[in-house]
Amino acid sequence: MGLLNEESGAGDFGAVYMILVFAIAALALILVVKPMYQNAQKSIPKNVQTK
């Protein structure tokens, strides 16, 4: 029984670990993509005005 409890505990930790990894990856994507998107929005009117 002890082995089963340890395995289920490890499985729960693995699930929590995967959720944390996905959350950190999502935050990293937001932190990287959002400034790029804002810079793209700023540069588009400049390109349109120069033409």
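Here, every reference points to the structure presented above.
In this numbering scheme, every chain counts its residues from 1 along its sequence in written order. Since the coordinates come from a predicted model, pLDDT governs what is reported: local features require at least 70, and pairs of side-chain atoms require 80 or more to be given and counted, while whole-chain, interface and lining totals use all residues. Heavy atoms throughout the structure, all of them, feed into the side-chain values; hydrogens and water do not.

Draft legend 1. Inspection of the overall build of the chain at higher detail. Helix numbers and strand numbers start at the N terminus; a helix is a DSSP run of H or I with at least 4 residues, a strand a run of E with at least 2. Secondary structure assignment for the chain yields 1 helix and 0 strands. Relative to its full complement of 51 residues, the chain shows a buried share of 0%. Note on areas: these come from Shrake-Rupley sampling with a 1.4 Å probe, and a residue is covered only by the protein chains present in the view. Taken as a whole, the chain presents about 4800 Å² of accessible surface, with 73% of it coming from carbon and sulfur. Burial status follows relative accessibility: with a 1.4 Å probe on protein chains alone, a residue under 20% of its type maximum counts as buried, one over 50% as exposed, and anything between as partly exposed.

Draft legend 2. Up close: a nonpolar patch on the surface. The patches reported here contain residues having more than 30% relative accessible area and no salt bridge. Joining distances are 9 Å for like charges and 5 Å for nonpolar side chains (Val, Leu, Ile, Met, Phe, Trp, Tyr). Salt bridges are defined as contacts in which a side-chain nitrogen from Lys or Arg sits within 4 Å of a carboxyl oxygen from Asp or Glu. Together, Leu 29, Leu 31, Val 32, Val 33, Met 36 and Tyr 37 make up a nonpolar patch on the protein surface, roughly 670 Å² of accessible area in all. Its place among the elements puts Val 33 in helix 1 (residues 2-50).

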